[in-house]
Amino acid sequence: MSGLKVLSVASEIFPLVKTGGLADVTGALPGALKPEDVVMRTLVPAYPALTAKLDEVSIAGEYSDLFGGPARVLAGVAAGLDLFAIDAPHLYDRPGNPYLRPDGLDWPDNAHRFAALARVGADIGLGAIGGFQPEVVHAHDWQAALAAAYLHFASGFRPATMVTIHNLAFQGHFPLSTFADLGLPERALTIDGVEYFGGVGYLKAGLRLADSITTVSPTYAREIMTPEFGMALDGLLRSRASVVHGILNGIDDAVWNPAADAALPQNYSALRIDMRARNKTALQSKLGLTPSPDRPLFAVVSRLSQQKGLDLMLPALTELVAKGGQFALLGSGERALEEGFAQAAATRAGSIGCVLGYDERLAHLFQAGADFIVVPSRFEPCGLTQLCALRYGATPIVSHVGGLADTVIDANDAATAAGVATGVQFSPTSNEALSYALNRARELFHDRATMRRLRLNGMRADVSWRGPARRYAALYRSLAGTA
């Protein structure tokens, strides 16, 4: 096995287990790194959905007691991904969401479940599996971040460590009593170790002890060093600013390819963009909207939450429809938002359509059929929805935060005259600013030449993993001392 060896440690990976953008990143990065001569294998929990798809399985390691029960590390392949999977039924053999019980609450043993993921990741980093000695262990989010702590406090040789923040709002903060079960030395329980506000902080520990910290856009990397966006970790991040890097996410442009997407009734490309109109008609029909090519169709594909700013979208619907627009939603989340959008669809049939839940194929149709994709987030580490929108010629309307600010060029007069605009930005994240942005978009829609240019600019933008993969590869080599 040639090339720089990297172990990615993650709690989910597309297309096997996905709750959000983390899975898209961990699923796409191994393939994107191959042209950079980086060999990445991913360690994940052996959830039932993943185990069922694992092929070429061998036993790479065993534990007599891994946080309360026996466990095996399986090596195998699934969906073209080289995986290590932790087969620990007492921790992971549960249906549904990997983090939540059927009632929507966290599994009560999540501290153990994801300490186990980090512990095994650290062991592999220390050479526990013959034939694969990683030079870098790359841990994703709080569920894996403790791997950096285990490796920091290990004796002898250890690989370099990197922790990526996909969303700083989720930190893995547990009671102080958790520490006794982690198997870390007593000296780890300090402010410079895993201690955090009188408890144990998994993400905090990773950010303090990793050799390198990355997050998923340059603007978010700057934002999280401020009290407004730092979620009480801004001071720590400022103290480690020299090792913090913002690397934009990409999307898999083979999976997200309107020219060959099997989920679409009509494939198209930038050269044949007029054929896109058939997908709008199909989306309108599917959601019970009045078929009309001349009404701007605004859409949201999102988790429904305050973070995503969807509470701002609800009151904007009255004016949006009154001015001739249509609205389509695909998503689930906070109950009050689900009920609000469902009620709006029920009272404005033909103008508002709502699908509660998530459907991957339908998400592709949304991107191919909507005129605008709205992402009004209060904070957004990177965002993938707007990248898919650019790829599919659905003009994004985004708040000026995080990765949204980095990936969408506002259609102001200068950018439009220069022919580089790709969407509409607004700030602050407020009802008034969102309403103004929606009105701007409606005016752009009726300017056919400008609208066509916006769509073409978006479709021709490079939103792939090629650039990000080069940056990750360079950082890995720097950490491993092979740059």
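One structure accompanies this document, and this report is about it. (Residues numbered from 1 in each chain as written. Predicted model: local features only at pLDDT ≥ 70, side-chain atom pairs only at ≥ 80, totals over all residues. Heavy atoms only, no water.)

1. Details of the sheet that holds strand S9 (residues 195–196)
Taken in spatial order, the three strands of this open sheet run S8-S10-S9, and their pairing is antiparallel. The open sheet has two edge strands, strand S8 (173–174) and S9, and neither has a second partner. In the sheet, S9 pairs with strand S10 (residues 199–201) via two bridges, with the strands oriented antiparallel. Paired with glutamate 195 across the strands is valine 200, a residue of S10. Helix H7 (residues 202–209) contacts S8, S9 and S10 of the sheet and is inclined by roughly 60 degrees relative to S10. (Pairing = 2+ DSSP bridges. Helix = DSSP H or I, 4+ residues; strand = E, 2+ residues; numbered from the N terminus. Contact = heavy atoms within 4.5 Å. Axes fitted to C-alpha atoms, helices over the stretch in contact; angles between N-to-C directions.)

2. A few points about the layout of surface pockets
The computed volume of the second largest pocket comes to approximately 440 Å³. Forming the boundary of the second largest pocket are 18 residues, of which Ala277, Asp371, Phe445, Arg448 and Arg455 lie nearest the centre. Contributions of two or more residues to the lining of the second largest pocket are made by helix H10 (277–286) and helix H18 (448–460). Across the lining of the second largest pocket, the residue classes tally to five nonpolar, five polar and eight charged. (1 Å grid on protein atoms, 1.4 Å probe; cavity = no way out; pocket = protein on both sides within 12 Å on 5 of 7 lines; lining within 4 Å. Points joined across faces, edges and corners; volume = space filled by probe spheres on them. Nonpolar A, V, L, I, M, F, W, Y, C, P; charged D, E, K, R; others polar.)

3. A word on the environment of arginine 391
Tracing the chain through its elements places arginine 391 in helix H14 (residues 385–392). Residues arginine 391 and asparagine 257, spaced 134 residues apart in sequence, show a C-alpha to C-alpha distance of 7.3 Å. Those residues in contact with arginine 391 that lie beyond four places of it in its chain are Ile251, Asp253, Trp256, Asn257, Pro258, Gly458, Met459 and Val463.

4. Here's the deal with the packing of helix H11 (residues 310–322) against helix H12 (residues 335–347)
The interhelical angle for the contact between H11 and H12, taken along N-to-C directions, is 20 degrees, at an axis separation of 10 Å. When the axis of H11 is compared with that of H12, the two are roughly parallel. Considering only the axes of H11 and H12, their crossing is left-handed. For the pair formed by H11 and H12, the contact residues are Leu310, Asp311, Met313, Leu314 and Leu317 on the first element and Leu337, Gly340, Phe341 and Ala344 on the second. Taken together, the residues that form the contact of H11 with H12 break down as seven nonpolar, one polar and one charged. (Parallel < 35°, antiparallel > 145°, perpendicular 65-115°, else oblique. Left-handed = near helix turned anticlockwise from the far one by under 90°.)

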